[in-house]
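So you can see what is in the structure, the chains are spelled out below.
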Amino acid sequence: MSKSEGFDPLALNAKTEEIVVDGNKRKYVQLGRSLRFYGGTTSATEVGCNLRCKFCFSDQPVWNPKNTGRFYTPQQVFDGLAKNARRYGHKLISASASEGTIGREHLFELLDLVEQSEFIYILETNGMNLGADPELAKQLAKYKRLHVRVSIKGCSEDEFHVLTGAHRKAYGLPFKAMKHLIEAGVSCNACVMASFSDSEGIARIKGRLADVSPGILKSLEIERIKQFPKVRARLLKHNLKPNRGVSCVSK
């Protein structure tokens, strides 16, 4: 495993917000495409993330936010999502490909619009901001048409560091995020990127989540990566090989 310290996701978050947030506007690539998840979802593509996951399917929205996408208001984003969702009969809408909690003013105004609609919004997050700030979970608690999906990157601090480039101590933030969300009464679930983990690692992370709340395990998702060409090239560059149960994170 690499022993370098790694970057601070919260510091990167602040720098990213300077690029992808302008008042209540946030950068997006597109505002409404159909996805197969959850039986059919309409999703927008956000720009800007506070991690640099080497397995991430997203490309320019994460790695080149300055030159990617354009700014949209919450109303424009909602209208784009609603148009596609109504066309295809989707009840779930979301934004993906980046970090969903960047730009809180934009997020809250978007959720205000969802609250007055027939849709449920899936907030996709890596838990960095939610883990660092319990007040954010309390602010989200007022929204009843919201579900938060917290994605944990790897099954240990070392895996997290190797896969994301962030410092190891940030690995605890998504667990704190789940705790904050549950205490605030926000609908949520956790998912774990396990393509670089062994069965023992998965068992350990299940135990850690159970320590937060045993009920988390009922809705826990175990994620496996899809090797799109750019993802495969990035993994090869960093000497990472996904597996089906045997750990192969580069040491």
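Everything below is about the structure shown above.
Note that the coordinates shown come from a computational prediction; the quantities given were computed from them, not determined experimentally.

A. Broad picture of the packing of aromatic side chains. Scanning all chains against the criterion turns up six aromatic pairs. Summarising the aromatic geometry, the rings of Phe55 and Phe196 are spaced 6.2 Å apart at their centres and angled 35° between planes, so their arrangement reads as tilted. With Phe55 in the loop between β3 (41-46) and α2 (60-63) and Phe196 in the loop between β8 (188-193) and α9 (199-212), this residue pair connects regions lying 141 residues apart in the sequence. As far as the burial class goes, Phe55 and Phe196 line up, both buried.

B. Representation of the packing of helix α8 (residues 173-184) against α9 within the structure. The geometry of α8 relative to α9 is characterised by a closest axis approach of 9 Å and an angle of 30° between their N-to-C directions. In terms of crossing hand, the pair formed by α8 and α9 is right-handed. Contacts from Phe175, Met178 and Lys179 of α8 reach α9 at Ile205, Arg208, Leu209 and Val212. In terms of residue class, the contact of α8 with α9 is made up of five nonpolar, no polar and two charged.

C. Broad picture of the environment of Lys27. Summarising the element assignment, Lys27 is placed in strand β2 (residues 25-35). Considering only alpha carbons, one finds Lys27 and Thr73, 46 residues apart in sequence, at a separation of 9.0 Å. Those residues in contact with Lys27, other than ones at most four positions away along the chain, are Ile19, Val20, Glu46, Val47, Pro65, Lys66, Asn67, Thr68, Gly69, Arg70 and Phe71. Within the structure, Lys27 has its side chain in polar contact with the backbone oxygen of Pro65 (distance 2.9 Å).

D. Highlighting the pattern of salt bridges. In this structure the tally under the stated criterion is 11 salt bridges. Among the ionic pairs, Arg26 bridges to Glu46, the shortest N-O distance being 3.6 Å. Placement of the pair is Arg26 in strand β2 and Glu46 in strand β3, with a sequence separation of 20 residues. Connected via shared salt-bridge partners are Glu124, Arg149, Glu221 and Glu223.

E. Expanded view of the nonpolar core. Counting 65 residues, the largest nonpolar core has Tyr121, Leu140, Leu146, Val148 and Leu181 as its most contacted members. By residue number, the principal contributor to this core is helix α4 (residues 104-115), which donates six residues. The contact partners of Leu146, leaving out residues within four places of it in the chain, are Leu111, Tyr121, Leu123, Leu140, Val186 and Ser187.

Analysis parameters
Residues numbered from 1 in each chain as written. Predicted model: local features only at pLDDT ≥ 70, side-chain atom pairs only at ≥ 80, totals over all residues. Heavy atoms only, no water. Phe/Tyr/Trp six-rings, centres within 6.5 Å; stacked < 30°, edge-to-face > 60°. Helix = DSSP H or I, 4+ residues; strand = E, 2+ residues; numbered from the N terminus. Buried < 20%, exposed > 50% of the residue type's maximum accessible area, 1.4 Å probe, protein only. Axes fitted to C-alpha atoms, helices over the stretch in contact; angles between N-to-C directions. Left-handed = near helix turned anticlockwise from the far one by under 90°. Contact = heavy atoms within 4.5 Å. Nonpolar A, V, L, I, M, F, W, Y, C, P; charged D, E, K, R; others polar. Polar contact = N/O pair within 3.5 Å; in protein donor to acceptor, adjacent residues only side chain to side chain. Salt bridge = Lys/Arg side-chain N within 4 Å of Asp/Glu carboxyl O. Core = buried A, V, L, I, M, F, W, Y, C linked by side-chain atoms within 4.5 Å.

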